[in-house]
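Report on the structure
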Amino acid sequence: MKYNPVTPAIVEKLKQICSDSTVFTDKEKLEPYSHDETPLAQFAHFPEVVVMPTNTEQISKIMQLATENKIPVTPRGAGSGLSGGAIPVYGGIILSLEKMNKILEVDAQNMMVTLEPGVVTNEVNEKIQQQGLFFAGYPMSVETCFIGGNLAENAGGGRAVKYGVTDRYIMGIEVVLPDGKIISLGGKIVKDVTGYNLKQLFIGSEGTLGIITKIIIKLLPLPLAKVDLLVLFKDITDAISIVPKIMTETRIIPTSIEFMDQLSVQSSCEYLNEHLPYQDAGAMLLIEVDGNSQTEVDSQSETIGELCLHHNAQEVYVADNYTTQERVWAVRRNIAEAFKVISPQQSVEDIVVPISEIARMVQEIQKISHKYDILIPCYGHAGDGNLHATLVKNPDHSYQKWLEIEHDALTELYQLVKARGGTISGEHGIGSKRRDYLKMVCSPVEIELMKKIKQAIDPNDIMNPGKIFK
Ligand SMILES: Cc1cc2nc3c(=O)[nH]c(=O)nc-3n(C[C@H](O)[C@H](O)[C@H](O)COP(=O)(O)OP(=O)(O)OC[C@H]3O[C@@H](n4cnc5c(N)ncnc54)[C@H](O)[C@@H]3O)c2cc1C
């Protein structure tokens, strides 16, 4: 084994660095830290100790201790990840950021907010909207995930069609390196071409290069009006085929274009005990437009609604007040949770292809579903070409058969994605779940380069090992 165990002496030192109450080793308390939201039990692994530091200096000392003793450290946000990123696959230390949860400064003049990594993403907008400001990040786990986890995964979400993904808004970060050194990258500046873009390197690095301990985020003016359209279609192909046309034919970039097939909507409604009158449609799109006046968004949503009706939409429902908007978005946000209740054995994918390819991709997914006799419900951020195809174990199959099917079906799915110019993860990351498949979409030269970067920053391989690469 290339790592040393966490001995009682190490636990004692961790308690000296932090405090007794923020370090624990009892099995019962370790259990919640042995998995994230990846719904496959085969990825779970217990840490030897969990430590919850409250400041950067403590983290620096923990990393020095881990380096001296060659102990693996896995940073953890809220544990809402879907690629096994926060699972300590070699045991060692879980470094939980949950106690570093302060919004340090709202700088309205520069339109920036400075935060600790353990702030729940939703709380950012709750805090700043009174000042007419807005953070555009909106992963569907917004009510639980942490902003630090969003950076580490470069999270996408429901507003990426118009606003892009997390990295667009990250102006500055503080990082503790694997040897305990602390660096600050970027700051409250909107332009910076001073040397290599190291800040960008840490964003999306899945906790494998360092621990993000402070974050400066760029804000936008809060849009003053928005309208959501719920557009019903008889079948999946009609719904998904309209997606590229919405932007090319109306010349409007909606905030969101979310896709849900029938099974996804019905499962989520059941889970929420929600009764949408239209939940029996074959498939639906949830389209949001925002802007600075009600007239503007009404006119844009009307144009989009008409286009949909010209292309086989059965109905267009308008949600123009907060309560109705929240109801339909809650259905979308809770699909993943709902599926977990129905079948704990499943593989949630987040493939991404060029927008022009998604209709064909959905047809190919249906063929895989028939071939392997498994359900593959589909939902996701269709406006970004990012689909959550979810492979669900057939209850008639043995667990062994499911493992074989999962591997073969995923290989086939990823081959199709690559052939269509896409890749295997648009937002959930590689983590431990997809590391065996990385070579299907990255060349040997690319992987070698990534490994050299990892080696340069983390020569002892103690920073979240077992992720991204084999
Ligand atoms: C219902 C549901 C819906 C979701 N919807 C979306 C979505 O729409 N878009 C999307 O992108 N994702 C989505 N996700 C996935 C997940 O919520 C995101 O990946 C999120 O960014 C993870 O944040 P977290 O705080 O839970 O991180 P964790 O799961 O705790 O960790 C994720 C990774 O980040 C690393 N990490 C965490 N904090 C730090 C830090 N401070 N420094 C360094 N590394 C760190 C961990 O080591 C791990 O590798 C969804 C998940 C669920 C369960």
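The present account deals with the structure reproduced in this document.

Quick notes on the rules
- Residues numbered from 1 in each chain as written.
- Predicted model: local features only at pLDDT ≥ 70, side-chain atom pairs only at ≥ 80, totals over all residues.
- Heavy atoms only, no water.
- Near = heavy atom within 4 Å.
- Polar contact = N/O pair within 3.5 Å; in protein donor to acceptor, adjacent residues only side chain to side chain.
- Helix = DSSP H or I, 4+ residues; strand = E, 2+ residues; numbered from the N terminus.
- Nonpolar A, V, L, I, M, F, W, Y, C, P; charged D, E, K, R; others polar.
- Salt bridge = Lys/Arg side-chain N within 4 Å of Asp/Glu carboxyl O.
- Buried < 20%, exposed > 50% of the residue type's maximum accessible area, 1.4 Å probe, protein only.
- Expected span 1.5 Å × (residues − 1).
- Contact = heavy atoms within 4.5 Å.
- Axes fitted to C-alpha atoms, helices over the stretch in contact; angles between N-to-C directions.
- Parallel < 35°, antiparallel > 145°, perpendicular 65-115°, else oblique.
- Left-handed = near helix turned anticlockwise from the far one by under 90°.
- Patch = residues over 30% accessible without salt bridge, like charges linked within 9 Å, V, L, I, M, F, W, Y side chains within 5 Å.
- Areas by Shrake-Rupley, 256 points an atom, 1.4 Å probe, with all protein chains shown as cover.
- Pairing = 2+ DSSP bridges.

Neighbouring the ligand are 37 residues, the closest being Pro-75, Gly-77, Ser-80, Gly-81 and Ser-141. The contact in question runs from an oxygen atom of the ligand to an N or O atom on the backbone of Phe-146, over 3.0 Å. Taking His-381, its side chain carries an N or O atom lying 3.3 Å from an oxygen atom of the ligand. Looking at the shell around the ligand, the element that brings in the most residues is helix H5 (residues 147–153), giving five residues. Taken together, the residues of the shell around the ligand sort by class into 15 nonpolar, 16 polar and six charged.

In this structure the tally under the stated criterion is 22 salt bridges. Among the ionic pairs, Glu-105 bridges to Lys-188, the shortest N-O distance being 2.7 Å. Of this pair, Glu-105 sits in strand E5 (residues 103–107) while Lys-188 sits in the loop between strand E9 (182–186) and helix H7 (198–202), and the two are 83 residues apart along the sequence. What makes Lys-188 partly exposed here is its relative accessible area of 33%. Linking Lys-367 and Glu-364 is a salt bridge whose minimum nitrogen-to-oxygen distance equals 3.7 Å. Placement of the pair is Lys-367 and Glu-364 together in helix H13 (residues 358–372), with a separation of three residues, close to one helical turn. On the basis of relative accessible area, Glu-364 is assigned to the buried category, the value being 16%. Each of the salt bridges in this network shares a partner with another, and the network as a whole consists of Glu-357, Arg-360, Glu-364, Lys-367 and Arg-420.

What follows concerns H13. With 15 residues, H13 extends 21 Å from end C-alpha to end C-alpha; this agrees with the ideal 21 Å at 1.5 Å per step. Tucked into the core, H13 has its buried residues touching helix H8 (236–250), strand E17 (351–352), strand E18 (378–381), strand E19 (386–392) and helix H14 (399–419). Two residues or fewer past H13, Asp-373 is found with a positive phi of approximately 55°.

All of the buried residues along helix H9 (residues 262–272) are Ser-264, Val-265, Ser-267, Ser-268 and Cys-269. On its buried side, H9 packs onto strand E13 (256–261), strand E14 (283–291), helix H11 (322–333), helix H12 (335–342) and E18. Looking at the residues trailing H9, positive phi occurs at Asn-273, about 55°.

Once that is clear, we can look at unusual backbone geometry. Positive phi, close to 45°, is recorded for Asn-464, a residue that is not glycine. By relative accessible area, which is 2% here, Asn-464 ends up buried. In this structure, Ile-468 is a non-glycine residue whose phi angle is positive, near 70°. Its location among the elements puts Ile-468 in the segment after helix H16 (444–457).

In contact at an axis separation of 10 Å, helix H1 (residues 8–17) and helix H3 (residues 56–69) are set at 160° when each is read in the N-to-C sense. By the criterion of interaxial angle, the relationship of H1 to H3 is roughly antiparallel. Where H1 crosses over H3, the two elements pack in a sense that is right-handed. Here Ile-10, Lys-13, Leu-14 and Ile-17 of H1 come into contact with H3, specifically with Gln-58, Lys-61, Ile-62, Leu-65 and Asn-69. Split by residue class, the contact of H1 with H3 holds five nonpolar, two polar and two charged.

The next point concerns a nonpolar patch on the surface. Judged by side-chain polarity, Tyr-271, Leu-272 and Val-341 come together as a nonpolar surface patch covering roughly 260 Å² of accessible area. Locating Val-341 in the fold gives a position in helix H12. Using a relative accessible area of 58% as the deciding quantity, one classes Val-341 as exposed.

Further remarks concern the sheet that holds E9. A sheet is described by the order of its strands in space; here five strands give the open sequence E5-E6-E10-E8-E9, paired in antiparallel fashion. Among the strands making up the open sheet, the edge pair consists of E5 and E9. Strand after strand, the sheet turns through a mean of 10° between neighbouring axes, direction not considered. As defined by bridge partners, strand E8 (residues 170–176) adjoins strand E10 (residues 211–218) across six bridges and the pair is classed as antiparallel. Pairing of Glu-174 across the sheet is with Lys-214, part of E10. Its contacts with the sheet place H3 against E8, E9 and E10, and it is angled at close to 45° to E8. Against the sheet, helix H4 (residues 121–128) engages E5 and strand E6 (112–115), with an angle of about 40° to E5.

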